[in-house]
2 protein chains.
Amino acid sequence: MGDFDPKIPASYQDCEFLMLGNTAPAIQSLVLDRLNNRPKFVMLDTMNLWIDIANDDLKSLLKRVDCLTINDEEARMLSGDYSLRRAAKTIMAMGPKTLIIKKGEHGALLFQNDDVFFCPALPLEEVFDPTGAGDTFAGGFISYLASTNDLSFENMKRAIIHGSAMASFCVEKFGTERIQDLTQEEISARVQEFVKLASFQMI
Amino acid sequence: MGDFDPKIPASYQDCEFLMLGNTAPAIQSLVLDRLNNRPKFVMLDTMNLWIDIANDDLKSLLKRVDCLTINDEEARMLSGDYSLRRAAKTIMAMGPKTLIIKKGEHGALLFQNDDVFFCPALPLEEVFDPTGAGDTFAGGFISYLASTNDLSFENMKRAIIHGSAMASFCVEKFGTERIQDLTQEEISARVQEFVKLASFQMI
């Protein structure tokens, strides 16, 4: 895990919603260890590298988090199963009660117990730079949960739509350019595009 | 186009909903020529081969159909545009007012004018044999339109969900095994799985 030694600023100690960004699982565990109180909701990001070279550390950490967010290839790698439906069951049995499988331009799947929700990605005219889309998605998701303080599955669906909307802005310009000056009106309008994209009524 | 000479049985002459299955565009055109009356709704399937070797024939035929169904790679090939949103505009300008872009396990997009609807694919535990999924999807789509006789965009959304539900059965067994004895109850239950998969309510 190298020499990086995470210091938790005092102002972060009482966080209720924690997003552990992608780094070595041992460092992510150390962050969790150093919080005085266990947050209400802990979300974890990881990647193929750690599944490969730090599998034991990752498996230990998975027992301590509420939600894991990974992409489809990583879900297959971690579970050893090609079927995302079966992969999700295997991964949730490792610890996290909620699992998000990201599929990039193909949207994302939200799993919890036997429930599954599919969140589409907005078909965009132009994708300028996909860098940071996954982090923006995770940040949009957990910030929605934190601002609403509601961990029900129905609210997690809203949170994943929110995260996807934020990610759709991220890719439209370079780096953080598009998201740093976003207004609430722009975000609400984008969320409505997702509502329109996914809504139908069977009769 | 070879020697195949399509004969239209008399009982097919008055069809109102026509699905032109994938074959050489010249043969598909001939089928349309040989109908005494132009059907109310004509849907076309094609593939990369015809986009490549029979592009002129295909472009002529596209002017005569209401709806085209192709996969994402073919949409990019036909339009010369990687962005599916822009590709859709380009292809609809070639003739069909409605365009379905199939993305296999990632669902399908329905385009009409400036409207777009995303239909998810059901995450399945097991995909036994994907052969015929596209044809089953198209058949499920147009048969829903024919049985409801409603060509509104809202009804096309229901039709694409119906087509996706039928395709999800198709891949569960070999060939037509799974779909030949399906009951209406099984189909309705599967459609409800799509409703559950895609439904959310923003507040």
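Look a little higher up for the structure.
**With respect to the relation of the copies chain B and chain A**
Next up, step 1: You can overlay chain B on chain A at an RMSD of 0.0 Å; the transform is a turn of 180° with a shift of 0.0 Å along its axis. Within this description, the copies of the chain are treated as partners about a two-fold rotation axis. Judged by C-alpha distance, His106 of chain B is the residue of chain B that lies nearest the rotation axis, at 3.0 Å.
Next up, step 2: Both copies share a contact surface, since 100% of the interface residues of chain B are interface residues in chain A too.

**Digging into unusual backbone geometry**
Backbone geometry follows two general trends: most residues other than glycine have a negative phi, and most peptide bonds adopt the trans configuration.
Next up, step 1: Of note, Asn149 of chain A is a non-glycine position whose phi angle comes to about 50°, a positive value.
Next up, step 2: Within the secondary structure, Asn149 of chain A sits in the loop between α6 (133-148) and α7 (153-170).
Next up, step 3: One non-glycine residue with positive phi stands out, namely Asn113 of chain B, at about 50°.
Next up, step 4: Within the fold, Asn113 of chain B resides in the loop between β5 (108-112) and β6 (115-119).
Next up, step 5: Overall, Asn113 of chain B belongs to the exposed group, its relative accessible area being 58%.

**Some words on the pairing of strand β1 (residues 17-20) of chain B**
Next up, step 1: Sheet topology places β1 of chain B next to strand β2 (residues 41-45) of chain B; four bridges connect them, and they run parallel. Paired with Met19 of chain B across the two strands is Met43 of chain B, which belongs to β2 of chain B.

**Quick notes on the sheet that holds strand β6 (residues 115-119) of chain A**
The pairing of strands in a sheet happens through backbone hydrogen bonds and is either parallel or antiparallel.
All names here are of chain A.
Next up, step 1: On the basis of which strands lie adjacent, the open sheet formed by six strands has the order β1-β2-β3-β4-β5-β6 and mixed pairing. A strand with exactly one partner marks an edge of an open sheet, and here the two such strands are β1 (17-20) and β6. With strand direction ignored, the average angle separating the axes of adjacent strands in the sheet is 15°.
Next up, step 2: Here three bridges tie strand β2 (residues 41-45) to strand β3 (residues 67-71), and the two strands are oriented parallel to one another. In the sheet register, Leu44 faces β3, and the bridge partner there is Leu68.
Next up, step 3: In this fold helix α5 (residues 84-92) packs onto β3, β4 (98-102), β5 (108-112) and β6, with an angle of close to 45° to the strand it touches most, β5.
Next up, step 4: The strands touched by α7 are β2, β4, β5 and β6; relative to β6, the strand with the most contacts, the crossing angle is about 25°.

**Examining the nonpolar core**
Next up, step 1: Among the nonpolar cores identified, the biggest contains 126 residues, and Phe141 of chain A together with Phe141 of chain B are the most heavily contacted of them.
Next up, step 2: Two domains each provide a minimum of three residues to this core, namely domain 1 (12-102) and domain 2 (121-197) of chain B.

**Considerations on the sheet that holds β5 of chain B**
All names here are of chain B.
Next up, step 1: Pairing is mixed across the open sheet formed by six strands, whose spatial order is β1-β2-β3-β4-β5-β6. A strand with exactly one partner marks an edge of an open sheet, and here the two such strands are β1 and β6. Neighbour-to-neighbour, the strand axes of this sheet turn through a mean angle of 15°, independent of strand direction.
Next up, step 2: Docked against the sheet, helix α7 (residues 153-170) engages β2, β4 (98-102), β5 and β6, running at close to 25° with respect to β6.

**Focus on the side chain of Asp129 of chain B**
All names here are of chain B.
Next up, step 1: Position of Asp129 relative to the elements: it lies in the loop between β6 and α6 (133-148).
Next up, step 2: Of the side chains with opposite charge, Lys173 comes closest to the buried, unpaired Asp129, at an N-O distance of 12 Å.
Next up, step 3: Discounting residues that sit within four places of it in the chain, Asp129 has contacts with Cys170, Val171, Lys173, Phe174 and Gly175.

**As for the packing of α7 of chain A against helix α8 (residues 184-198) of chain A**
Residues and elements named next belong to chain A.
Next up, step 1: Contact geometry of α7 with α8 gives a least axis separation of 9 Å together with a crossing angle of 110°. Here α7 lies roughly perpendicular to α8, going by the angle between them. The crossing of α7 and α8 is right-handed. Residues Ile161, His162, Ser164, Ala165, Met166, Ser168 and Phe169 of α7 form the contact with α8, whose own contacting residues are Glu186, Ile187, Arg190, Val191 and Phe194.

**Section: the packing of aromatic side chains**
Next up, step 1: Counted by the stated rule, this structure contains five aromatic pairs over all chains.
Next up, step 2: Their ring planes at 70° and their centres at 5.7 Å tell us that Phe200 of chain A and Phe117 of chain B sit as a pair that is edge-to-face. A residue pair is termed interchain when its members come from two chains, as with Phe200 of chain A in the segment after α8 and Phe117 of chain B in strand β6.
Next up, step 3: Classification of Phe117 of chain B by relative accessible area gives buried; the value is 0%.
Next up, step 4: On the basis of an interplanar angle of 45° and a centroid distance of 6.3 Å, the ring pair of Phe17 of chain B and Phe41 of chain B is categorised as tilted. Here Phe17 of chain B, found in strand β1, pairs with Phe41 of chain B, found in strand β2; they are 24 residues apart in sequence, far enough to count as distant. Across this residue pair, the class does not change: Phe17 of chain B and Phe41 of chain B are buried.
Next up, step 5: The ring of Tyr82 of chain A has Arg76 of chain A lying over it, and the distance from NZ or CZ to the ring centre is 3.7 Å.
Next up, step 6: Taking NZ or CZ as reference, Arg190 of chain B lies 4.1 Å from the ring centre of Phe169 of chain B, over its face.

The rules behind the values
- All residue numbers refer to position in the chain's written sequence, counted from 1.
- Key to labels: chains lettered from A, ligands numbered from 1, both in the order written.
- Since the coordinates come from a predicted model, pLDDT governs what is reported: local features require at least 70, and pairs of side-chain atoms require 80 or more to be given and counted, while whole-chain, interface and lining totals use all residues.
- To obtain the side-chain values, all non-hydrogen atoms of the structure were included, while hydrogens and water were left out.
- Superposing the copies works by least squares over the C-alpha atoms of residues that have pLDDT at least 70 in both of them.
- Should any heavy atoms of two residues lie within 4.5 Å, those residues are considered in contact.
- Strands here are runs of E lasting at least two residues and helices are runs of H or I lasting at least four, both read from the DSSP assignment and numbered beginning at the N terminus.
- Accessibility here uses a 1.4 Å probe with only protein chains present; expressed as a share of the type maximum, an area under 20% marks a residue as buried, one over 50% as exposed, and anything in between as partly exposed.
- Two strands form a pair only when DSSP identifies at least two bridges running between them.
- All axes here are fitted lines through C-alpha atoms, helices being fitted over the stretch that makes contact, and every angle between N-to-C directions spans 0 to 180 degrees.
- Residue types Ala, Val, Leu, Ile, Met, Phe, Trp, Tyr and Cys, when buried and joined through side-chain atoms within 4.5 Å, form a set referred to as a nonpolar core.
- The domain limits used here are those given by an automatic or database domain assignment.
- Positive charge is attributed to Lys and Arg, negative charge to Asp and Glu, and no charge count is given to His or to the chain ends.
- Whenever a carboxyl oxygen of Asp or Glu lies within 4 Å of a side-chain nitrogen of Lys or Arg, that contact is scored as a salt bridge.
- Orientation is classified from the angle alone, with under 35 degrees giving roughly parallel, over 145 giving roughly antiparallel, 65 to 115 giving roughly perpendicular, and any other angle giving oblique.
- Crossings are sorted by hand: turned counterclockwise from the far helix by less than a right angle, the near helix makes the crossing left-handed, and turned clockwise it makes it right-handed.
- Between 30 and 60 degrees the pair is tilted, below 30 it is stacked and above 60 it is edge-to-face, where a pair is any two Phe, Tyr or Trp rings, Trp via its six-membered ring, whose centres lie within 6.5 Å.
- Note on criteria: charge over ring means Lys NZ or Arg CZ within 6 Å of the ring centre, with the direction from the centre no more than 35 degrees off the ring normal.

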